[in-house]
Amino acid sequence: MAIRKAEDAVTAAGAYLTWLGFRGIGPPPQELASDIALRADGLVAQVDVSSRPTPLRDVECLWLHALSASAHSACFSLAGYTDDAAARAEQLGVALFALDLSGAPQPANGAADEMYSTGA
């Protein structure tokens, strides 16, 4: 699915997570921060559609949301990740995916490779 607007990116990420085997994918509860785009059984996901690489703070906030929900975390980004965000995600086990304009996510770190290999 081609990504033309933010909703398309969220839809593509949701479809990919469904393909990986996650169930119950939908929007997060209202009390979660607006940067959390999707929730699933055992997963919290963020979709960053900005034109700047996803920063460290976003990765750490996503990890904290997932930690409080006893869930895995995944981040999808159109512009990639800053070096410090990628390094911290590796330490925390946050799965990073690069999302291109064709809507095809690609694993961007070890946690994402593992999620891709094992599924939900």
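Up top you'll find the structure we're talking about.
Scoring rules and cut-offs
- Residues numbered from 1 in each chain as written.
- Predicted model: local features only at pLDDT ≥ 70, side-chain atom pairs only at ≥ 80, totals over all residues.
- Heavy atoms only, no water.
- Pairing = 2+ DSSP bridges.
- Helix = DSSP H or I, 4+ residues; strand = E, 2+ residues; numbered from the N terminus.
- Axes fitted to C-alpha atoms, helices over the stretch in contact; angles between N-to-C directions.
- Parallel < 35°, antiparallel > 145°, perpendicular 65-115°, else oblique.
- Left-handed = near helix turned anticlockwise from the far one by under 90°.
- Contact = heavy atoms within 4.5 Å.
- Nonpolar A, V, L, I, M, F, W, Y, C, P; charged D, E, K, R; others polar.

Next up on the list: the sheet that holds strand β3 (residues 72-77). The strand order across the open sheet formed by five strands is β1-β2-β3-β4-β5, and the pairing between neighbours is mixed. Edge positions in the open sheet fall to β1 (38-40) and β5 (105-107), since each of these has one partner strand only. On average, each strand axis in the sheet is tilted by 25 degrees relative to the strand beside it, whichever way the strands run. Note that β1 and strand β2 (residues 43-48) share three bridges and pair antiparallel.

Let us now look at the packing of helix α2 (residues 56-68) against helix α3 (residues 83-92). Where α2 contacts α3, the two axes come as close as 8 Å, and the packing angle between them is 20 degrees. One element, α2, and the other, α3, form an angle in the roughly parallel class. As for the relative orientation of α2 and α3, their crossing is right-handed in sense. On α3, the residues touching Leu56, Val59, Glu60 and Trp63 of α2 are Asp84, Ala85, Arg88, Ala89 and Leu92. Here the residues of the contact of α2 with α3 are counted per class, giving six nonpolar, no polar and three charged.

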